[in-house]
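# A structural walkthrough
Next come the chains, spelled out residue by residue.
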Amino acid sequence: MTTELTVLALAALLQVVQFMLMAIPVNLEVGTAKTLSPRDADRLGGALVDQVSTRTARLVRALNNHFEALILFTIAVLVITLSGQSTPFTGICAWLYLGARILYVPAYAYGWVPGRSIIWGVSFGATVAMLLAALM
């Protein structure tokens, strides 16, 4: 397995961890009656994210952000892997992506400004670098 695919698998596991870090406090804060429901905002009195603490809401947004970032990273990994262009450079980019995404969780949860945006930029830049490497 290429380095990039290994990191992709680890990034998916990070998503699982992020889901748990978000789901547990959401359930504790709003109760399972709401989280097990169809979550219609009009029946719940608004969106669930608006009914939780600031830190828990940040964990929800960090998870959603990782869903978005993981799509582009997955594309980069597939392009690199399927085209047989895995190199030490693309492997380093993949590890940079994962390291930044791990740091992004506490950065978002604790409101590190401008650290959160810088960390996000590192993960995004690493993904873009992988895509550009595949095209060159």
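Residue indices follow the written sequence of each chain, beginning from 1 at its first position. Predicted model: local features are reported for residues with pLDDT of at least 70 only, side-chain atom pairs are reported and counted for 80 or more only, and whole-chain, interface and lining totals are derived from all residues. Excluding hydrogens and water, the side-chain figures rest on all heavy atoms present in the structure.

### Section: the environment of Leu 131
With respect to the helices, strands and loops of the structure, Leu 131 is situated in helix α6 (residues 115-135). The sequence separation of Leu 131 and Ala 62 amounts to 69 residues, and the corresponding C-alpha distance is 23 Å. The contact criterion used is simple: two residues touch if any of their non-hydrogen atoms lie within 4.5 Å. In this view, Leu 131 contacts Leu 72, Ile 75 and Ala 76; residues no more than four positions away in its chain are not counted. Here a helix means four or more residues in a row that DSSP labels H or I, a strand means two or more in a row labelled E, and each is numbered from the N terminus.

### Remarks on the packing of helix α1 (residues 3-30) against helix α5 (residues 88-109)
Following both chains from N to C, one finds α1 and α5 inclined at 10°, their axes separated by 9 Å at the closest point. The pairing of α1 with α5 is recorded here as roughly parallel in orientation. Every residue of α5 that contacts α1 at Thr 3, Glu 4, Val 7, Leu 10, Ala 11, Leu 14, Gln 18 and Leu 21 is listed here: Thr 90, Gly 91, Ala 94, Trp 95, Tyr 97, Leu 98, Arg 101, Ile 102 and Val 105. In this classification, Asp, Glu, Lys and Arg are treated as charged, Ala, Val, Leu, Ile, Met, Phe, Trp, Tyr, Cys and Pro as nonpolar, and every other residue, Gly included, as polar. Of the residues that constitute the contact of α1 with α5, the class distribution is eleven nonpolar, four polar and two charged. Fitted lines through C-alpha atoms give the axes, limited to the stretch in contact for helices. The angle between two N-to-C directions lies from 0 to 180 degrees. By the definition adopted for this analysis, an angle is roughly parallel if under 35 degrees, roughly antiparallel if over 145, roughly perpendicular if from 65 to 115, and oblique otherwise.

### Section: the packing of aromatic side chains
Only rings of Phe, Tyr and Trp enter the pairing, Trp through its six-membered ring, and a pair is recorded when the two centres are within 6.5 Å. The plane angle decides the type: under 30 degrees is stacked, over 60 is edge-to-face, the rest tilted. Enumeration over the complete set of coordinates arrives at three aromatic pairs. Between Tyr 104 and Tyr 108, the ring centres sit 5.5 Å apart and the planes meet at 85°, which makes this aromatic pair edge-to-face. You can see Tyr 104 and its partner Tyr 108 sitting in helix α5, four residues apart, about one turn around the helix. For the pair shown, Tyr 104 and Tyr 108 are each scored as buried. Each ring, one from Trp 120 and one from Phe 124, has its centre 4.9 Å from the other, and the planes form 10°; the classification is stacked. Throughout, exposure labels follow a simple rule: accessible area from a 1.4 Å probe, protein chains only, divided by the maximum for the residue type, with under 20% read as buried, over 50% as exposed, and the rest as partly exposed.

### Details of helix α4 (residues 54-82)
When the terminal C-alpha atoms of α4 are compared, their 42 Å separation across 29 residues agrees well with the 42 Å that a helix rising 1.5 Å per residue should span. One or two positions beyond α4, positive phi appears at Gly 84, with a value near 65°. Multiplying one less than the number of residues by 1.5 Å gives the expected span of a helix.

### Quick notes on the side chain of Gln 15
Tracing the chain through its elements places Gln 15 in helix α1. Look past the residues within four positions of Gln 15 in its chain and what remains in contact with it is Leu 63, His 66, Phe 67 and Leu 70.

### Concerning the packing of α5 against α6
One way to put it is that α5 packs onto α6 with a least axis distance of 8 Å and a crossing angle of 160°. In terms of orientation, α5 and α6 fall into the roughly antiparallel class. Here α5 runs over α6; the crossing is left-handed. When α5 is examined against α6, the residues Phe 89, Thr 90, Cys 93, Ala 94, Leu 96, Tyr 97, Ala 100, Arg 101, Leu 103, Tyr 104, Ala 107 and Tyr 108 are found in contact with a partner set consisting of Arg 116, Ile 119, Trp 120, Val 122, Ser 123, Ala 126, Thr 127, Ala 129, Met 130 and Ala 133. Among the residues making up the contact of α5 with α6, the classes are represented as 17 nonpolar, three polar and two charged. Crossing handedness is read from the near helix: turned anticlockwise from the far helix by less than a right angle, it gives a left-handed crossing, and turned clockwise, a right-handed one.

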